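Spelled out from the first residue to the last, the chains are:
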Amino acid sequence: MGTLLTAGSLALVFSLALTPAFIRLFRRLNLGQFIRDDGPESHHVKRGTPTMGGIVFILATLFGFFVAAWLNGGAAITPSALLVLFMLVGMAAVGFLDDYLKVRNQRSLGLGGWSKIAGQLAVGTAYAILAVQLTNADGLTPASTAISAVRDIPGLDLARIATAVPAVGVILYLLWVNVLAAASTNGVNLADGLDGLATGASILSIGAFAFIGFWQFSQACGGDRVQPDNVSKCYPTADPLSLAIVAAAICGALIGFLWWNTNPAKIIMGDTGSLGLGGALCALAIETHTELLLLLIGGLFVIEAGSVIVQRAYFKATGGRRLFLMTPIHHTFELMNWREVTIVVRLWIVTGILVALGLGVFYAEWLG
């Protein structure tokens, strides 16, 4: 618990105190946000706001986690934790290239669609392979080949489904991880359209995994904390406490960043931040074996991405008619003349409700 609190606190202080320095640096380097002409007119005032702010909270996360781990003997530095950080930094690197090209070319499009997908696939595939190859001190791997809800679902073990042709099981597993990675990264990316929206929602969603990780640690199979009557309900998660510590470090970094990112934002996370956060969210769900629960815990990101998918499908099916005024869905509320702060706070409330529901499902399964 001490390491968890230390990691979150150090990351918070880093991002809260040093974000102004990064804002000045990014302005000096002319790293300003480019705004689409076809977006809401209210967004044009944000043109030139320093972008790539994800660099700040990623550095804060790394600082908070590694310093806290070092102060407490290094036990928190496990394969599971390092893989979450790998997804955070790896996906952020893809986003950084996208942001850099936008700034350099002064247009709202950076990496081409296929180039971005290729980058995400490279990071996601590397993560997927490492997650079932690396082992911790107890011989457990961070991930399994089974699709999970609150725990692994034995009937959906992708390796066992394809026992006759092992290569098929490997391909199915890699596809599943990359689908999760693409959904989470693009969901957070689409939500990052209003000041503080994606930051606040990510704090709530990733904070849920800090709770899940700590609970799994307290009820870990083979641990001395689990009560004899609860052994049958123990969790075989690899290094759940280190996952909770990483999640706490990310949350602390985001809270400090939100101070400067809230309306009117002094800095924008950019694709650097949104893709990185989506990658971390995906890794936390996979390694806590709560993949399908991400539909609730990351519910706002599902809604944002879903609104785009539904809009496009409806547009094609009806020959050009629109279901929403504009997508992602938060733009519809803007065109309905809702104030930006009102939209953000209300969507934070929606996120909080969905996260609470997800945690309720998680805890109810243990009680049952």
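For clarity, every value in this text was computed on a predicted model and none was experimentally measured.

Q: An account of the overall build of the protein is needed here, citing residue identities and associated values.
A: Counting its regular elements, the protein contains 13 helices and two strands. Here the C-alpha radius of gyration of the protein, 20 Å, is about what a compact globule of 368 residues would show, namely 21 Å. With the C-alpha coordinates aligned to their principal axes, the bounding extent of the protein is approximately 60 × 50 × 35 Å. The proportion of buried residues among the 368 residues of the protein is 52%. Restricting the contact set of the protein to residue pairs at least 6 apart, pairs at least 24 apart contribute 76%. In the form shown here, the protein has an accessible surface area of approximately 16,200 Å², with 67% of it arising from carbon and sulfur atoms. The centroid of the 21 positive side-chain charges in the protein is displaced by 10 Å from the centroid of its 20 negative side-chain charges.

Q: Could you give me a rundown of the packing of helix H2 (residues 54–71) against helix H9 (residues 270–287), with the residues and numbers involved?
A: The geometry of H2 relative to H9 is characterised by a closest axis approach of 7 Å and an angle of 45 degrees between their N-to-C directions. Between H2 and H9, the crossing angle belongs to the class labelled oblique. Contact residues: H2 offers Gly54, Ile55, Phe57 and Ile58, while H9 offers Thr272, Gly273 and Leu277. The residue makeup of the contact of H2 with H9, split by class, is four nonpolar, three polar and no charged.

Q: How would you summarise the packing of aromatic side chains if you had to cite specific residues and measurements?
A: A complete count under the given rule lists 11 aromatic pairs for this structure. Counting every residue linked through ring pairs, the aromatic cluster contains Trp215, Tyr363 and Trp366. Above the plane of the ring of Tyr235 lies Arg151, whose end atom (NZ or CZ) is 4.2 Å from the centre. We note Lys233 situated over the ring of Trp366; from NZ or CZ to the ring centre the distance is 4.1 Å.

Q: Help me get a handle on the state of the cysteines, residues and values and all.
A: Per the stated rule, a full pass over the model turns up one disulfide. Cys251 carries a free sulfur, and the closest cysteine sulfur to it, the one in Cys282, is 17 Å from it.

Q: Tell me about the layout of surface pockets, and please be specific about residues and values.
A: Here the second largest pocket is characterised by a volume of approximately 320 Å³. Surrounding the second largest pocket, 18 residues form its lining, Asp138, Ala220, Thr237, Asp239 and Pro240 being those nearest its centre. Partitioned by chemical class, the residues of the lining of the second largest pocket number nine nonpolar, five polar and four charged.

Q: Can you lay out the side chain of Asn261 for me, pointing to particular residues and giving the numbers?
A: Here Asn261 shows up in helix H8 (residues 240–261). On the basis of relative accessibility, which here comes to 3%, the residue Asn261 falls in the buried class. There is a polar contact of 3.3 Å between the side chain of Asn261 and the backbone nitrogen of Gly196. The contacts of Asn261, once residues within four sequence positions are left out, are Asp195, Gly196, Thr199, Ile267, Ile268 and Met269.

Q: Describe the packing of helix H6 (residues 166–191) against H9, and please don't skip the residues or the numbers.
A: Their axes nearest at 7 Å, the elements H6 and H9 cross at an angle of 140 degrees. One element, H6, and the other, H9, form an angle in the oblique class. Crossing angle aside, the handedness with which H6 passes H9 is right-handed. Mapping the contact onto sequence places Val177, Leu180, Ala181, Ser184, Thr185, Val188 and Asn189 in H6 and Asp271, Ser274, Leu275, Leu277, Gly278, Gly279, Cys282 and Ile286 in H9. Residues of the contact of H6 with H9, tallied by class, amount to eight nonpolar, six polar and one charged.

Q: Quick one: what's the story with the side chain of Asn136, residue by residue and with numbers?
A: Its location among the elements puts Asn136 in the loop between helix H4 (113–131) and strand S1 (146–148). The buried category is assigned to Asn136, whose relative accessible area is 9%. At 3.2 Å, the side chain of Asn136 and the side chain of Asp239 are in polar contact. If sequence neighbours within four positions are ignored, Asn136 has contacts with Pro79, Ala238 and Asp239.

Q: Requested: an account of the environment of Glu365, with residues and values cited.
A: By the element assignment, Glu365 lies in helix H13 (residues 340–367). On the accessibility criterion, Glu365 (30% relative accessible area) is partly exposed. In this structure, the C-alpha to C-alpha distance between Glu365 and Gly139, residues 226 residues apart in sequence, is 26 Å. For Glu365, the contacting residues outside a window of four places in its chain are Val150, Arg151 and Tyr235.

Q: Summarise a nonpolar patch on the surface; cite the residues concerned and give the values.
A: Taken together, the side chains of Leu156, Ile161, Val165, Val168, Ile171, Leu172 and Leu175 make up a nonpolar region of the molecular surface, amounting to roughly 570 Å² of accessible area. Per-element tally for the nonpolar patch: the top contributor is H6, with four residues. Assignment of secondary structure puts Val165 in the loop between helix H5 (158–161) and H6.

Q: Describe the pattern of salt bridges, and please don't skip the residues or the numbers.
A: For the structure on display, the rule yields six salt bridges. Among the salt bridges present, the one from Asp271 reaches Lys102, with a minimum N-O distance of 3.4 Å. Separated by 169 residues along the polypeptide, Asp271 in helix H9 and Lys102 in helix H3 (residues 79–105) bring together distant segments of the chain. One exposure class covers both Asp271 and Lys102, and it is buried. Of the charged contacts, one joins Arg160 and Asp157 as a salt bridge, the two residues approaching to 3.6 Å between their closest N and O atoms. Judged by relative accessible area, which is 60%, Arg160 ranks as exposed. Taking relative accessible area as the criterion, Asp157 reaches 13% and is therefore assigned buried. What emerges from the salt-bridge pattern is a single network uniting Asp98, Lys102, Lys116 and Asp271.

Parameters at a glance
Residues numbered from 1 in each chain as written. Predicted model: local features only at pLDDT ≥ 70, side-chain atom pairs only at ≥ 80, totals over all residues. Heavy atoms only, no water. Helix = DSSP H or I, 4+ residues; strand = E, 2+ residues; numbered from the N terminus. Rg over C-alpha atoms; globule rule 2.2 N^0.38 Å. Buried < 20%, exposed > 50% of the residue type's maximum accessible area, 1.4 Å probe, protein only. Contact = heavy atoms within 4.5 Å. Areas by Shrake-Rupley, 256 points an atom, 1.4 Å probe, with all protein chains shown as cover. Lys, Arg positive; Asp, Glu negative; His and termini not counted. Charge placed at Lys NZ, Arg CZ, Asp CG, Glu CD. Axes fitted to C-alpha atoms, helices over the stretch in contact; angles between N-to-C directions. Parallel < 35°, antiparallel > 145°, perpendicular 65-115°, else oblique. Nonpolar A, V, L, I, M, F, W, Y, C, P; charged D, E, K, R; others polar. Phe/Tyr/Trp six-rings, centres within 6.5 Å; stacked < 30°, edge-to-face > 60°. Lys NZ or Arg CZ within 6 Å of the ring centre and 35° of its normal. Disulfide = S-S within 2.5 Å. 1 Å grid on protein atoms, 1.4 Å probe; cavity = no way out; pocket = protein on both sides within 12 Å on 5 of 7 lines; lining within 4 Å. Points joined across faces, edges and corners; volume = space filled by probe spheres on them. Polar contact = N/O pair within 3.5 Å; in protein donor to acceptor, adjacent residues only side chain to side chain. Left-handed = near helix turned anticlockwise from the far one by under 90°. Patch = residues over 30% accessible without salt bridge, like charges linked within 9 Å, V, L, I, M, F, W, Y side chains within 5 Å. Salt bridge = Lys/Arg side-chain N within 4 Å of Asp/Glu carboxyl O.

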